[in-house]
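Summary of structural features
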Amino acid sequence: MTTDAVADAQIGRLPVALAVEEIRRDFPAMELKVYGKPLAYLDNAATSQKPRSVIDAEAHWYLESCANVHRGVHALSVRATAAYESARQKVASFVNAASAREIVFVKGTTDAVNLVAGSFARGRLDPGDEIVITGLEHHSNIVPWQLVCEDRGAKLRVARLDDRGDVDMEEFARLLSERTKMVAVSHVSNALGTINPVERMIELAHERDIPILIDGAQAVPHKKVDVQALGCDFYAFSSHKMFGPTGVGALYGRHDLLAAMPPYQGGGEMIRTVSFERTEYAEPPARFEAGTPNIAGAVGFGAAVDYLERIGLDRIEAYEDELLAYATAELEAVPGVRLIGTARRKAAVLSFVIGDVHAHDVGTILDQEGVAIRTGHHCAQPVMQHFGVPATSRASLAFYNTREEVDRLVVGLDKIREVFGG
Ligand code: PLP
């Protein structure tokens, strides 16, 4: 978004829809054409497009500050370290962590969940203990827990979903017991758009002193997250879903918990002293960042946070809510379309099936129209099993999407009905 447009929009001179046209100019990908048609990018839950400020920040780091961090006394290394640590501070402020020491740079949400499963949960689990998750989790918030449960003889318990795609909260509460050693839940479902009542889930877990991790991969790009207000123990998210670079993300962890956790991986950067007899580990977050980190990625991540804060998460959420309501009504009006996931509180994800047309055919035909959506199981096969479908088509919206793009999706679906009948 251009600076003037941001200022105008923030003081309410521009209606939100007009500001979106300005925002789109910040994203080079909005200029792309596929098959000669303007790209309508509706696959934001998979990954988001990047504003020029993010691309420039990363390029600028390679051009002017490229050196390793924390190790050198020379000017470039000092500059690189300052840029890397400043990105950590930005990410910490973005989710209102109490301190930058509570932010560990990781490869992404998957890496963050594996870190907590391997370093935190493993040591707390005895045979017969339990970990509780929900029926709407992404595979990356299922498999790491399965691995650690298998290793320790513990059991994974799953709170089921209802017909709309909401977690059955009575069952969730019932599953928590003295055997539960960890809870891990998504803030927002990537396959259904369901916004989980994480405040209540955290409360219920903490009533029993059970630590809880929130998978925030689909929440942070769309709504203001305050980890202190939530009171969660861990919060995991990925830069690439929030308009930043791929290959970097963050694990927020309460400092007292991180400080008591053993390293996840060994190597350079994560130590205080090393001898062949004994190694002393660095304090967190360095303890969990073995090896040369993704420095350029972290710098781009910081620029993405700057960008989101300039627009304002409250305004983003309000705009996307309005766009979701529009898109929901439009899709429901297409004969043969069945929405999968109609939770009471939803983020801007529309999963659907149309007649008995295979999702891959839907995706391919829409692609020919320049409309990019995702098809398949969305790394959430248990969700597909719950709804009795092998796959869905999924349009996922961001603040740079427009009603006109939703209309193009609907026109594409009409073409699909013509081709396949119905
Ligand atoms: N959790 C959710 C809810 C997701 O949507 C995703 C990615 O789609 C992930 C976790 C994994 O994120 P990443 O692939 O960036 O590690």
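Note that the structure is a prediction, hence the values are computed from the model and not measured. Numbering of residues begins from 1 in every chain and follows the order in which that chain's sequence is written. Where local features are concerned, this predicted model is filtered to residues with pLDDT of at least 70; where side-chain atom pairs are given and counted, the filter is 80 or more; whole-chain, interface and lining totals use all residues. Water and hydrogen atoms were dropped before computing side-chain values, which therefore reflect all heavy atoms in the structure.

Compared with the 26 Å implied by 1.5 Å per residue over 18 residues, the 26 Å span of helix H15 (residues 403-420) between its first and last C-alpha is a close match. Three exposure classes are used, based on accessible area relative to the maximum for each residue type with a 1.4 Å probe and protein chains only: buried under 20%, partly exposed in between, and exposed over 50%. Only DSSP runs of H or I with at least four residues qualify as helices, and only runs of E with at least two residues qualify as strands; both kinds are numbered from the N terminus onward. Taken together, the buried positions of H15 are occupied by Glu 405, Val 406, Arg 408, Leu 409, Val 410, Gly 412, Leu 413 and Ile 416. Phi for Gly 421, located one or two positions after H15, is positive at around 80°. A helix is expected to span 1.5 Å multiplied by its residue count minus one.

What follows deals with the domain arrangement of the protein chain. Residue ranges for the domains originate in an automatic or database domain assignment. As far as domains go, the protein chain holds domain 1 (56-309) and domain 2 (312-420). Put simply, the middle of domain 1 and the middle of domain 2, counted by C-alpha atoms, are 29 Å apart. The contact rule is simple, with two residues in contact once any of their heavy atoms fall within 4.5 Å. Contact with domain 1, which involves 32 residues of that partner, is made by 31 residues of domain 2. Surface buried jointly by domain 1 and domain 2 totals about 2600 Å² across both partners, of which 56% is contributed by carbon and sulfur atoms. Simply put, the buried area is the total loss of 1.4 Å probe accessible area from both parts when two parts are fitted together. Contact with domain 2 buries area across many residues of domain 1, yet Arg 164, Leu 192 and His 222 alone supply 25% of it, more than any other trio.

This part is about the nonpolar core. Judged by nonpolar contacts, the single largest core of 109 residues is most densely connected at Phe 172, Tyr 235, Phe 399 and Leu 413. Per-element accounting of this core gives the leading share, eleven residues, to helix H11 (residues 295-311). Within this scheme, the nonpolar core is defined by two criteria: the residues are buried Ala, Val, Leu, Ile, Met, Phe, Trp, Tyr or Cys, and they are joined through side-chain atoms within 4.5 Å. Ranked by size, the runner-up nonpolar core spans 27 residues in total, among them Val 104, Val 106, Ile 142 and Met 182.

So, about the site of the ligand. Taken together, 14 residues sit near the ligand, with Thr 110, Asp 215, Gln 218, Ser 238 and Lys 241 positioned nearest. One of the side-chain nitrogen or oxygen atoms of Asp 215 is found 2.5 Å away from a nitrogen atom of the ligand. We call two N or O atoms a polar contact when they sit within 3.5 Å, provided that within protein one can donate a hydrogen and the other can accept it, with sequence-adjacent residues counted only if both atoms are side-chain atoms. In the model, an oxygen atom of the ligand is placed 2.8 Å from a nitrogen or oxygen of the His 240 side chain. Coverage of the ligand by the protein amounts to 86% of the 400 Å² it exposes when considered alone. Split into classes, the residues belonging to the shell around the ligand amount to three nonpolar, nine polar and two charged. Throughout this document, a residue counts as near a molecule or strand when at least one of its heavy atoms sits within 4 Å of that molecule or strand. Note on areas: Shrake-Rupley, 1.4 Å probe, and residue coverage restricted to the protein chains presented here. Residue polarity is assigned by list, with Asp, Glu, Lys and Arg as charged and Ala, Val, Leu, Ile, Met, Phe, Trp, Tyr, Cys and Pro as nonpolar; anything else, Gly included, falls into the polar class.

What counts as a salt bridge is simple: a side-chain nitrogen of Lys or Arg found within 4 Å of a carboxyl oxygen of Asp or Glu. Tallied over the full model, the rule gives 26 salt bridges. Put simply, Arg 160 and Asp 168 hold a salt bridge, and the shortest N to O gap is 3.6 Å. Of the charged contacts in the structure, one is a salt bridge between Arg 344 and Asp 166, with a shortest N-O distance of 2.5 Å. You can see Arg 344 sitting in the loop between strand S13 (337-340) and strand S14 (349-354) and its partner Asp 166 sitting in the loop between strand S6 (155-159) and helix H7 (169-175), a full 178 residues away along the chain. Judged by its relative accessible area of 56%, Arg 344 falls in the exposed class. You can call Asp 166 buried: its relative accessible area is 11%. Because the salt bridges share partners, they merge into one network encompassing Arg 272, Arg 278, Glu 280 and Glu 283.

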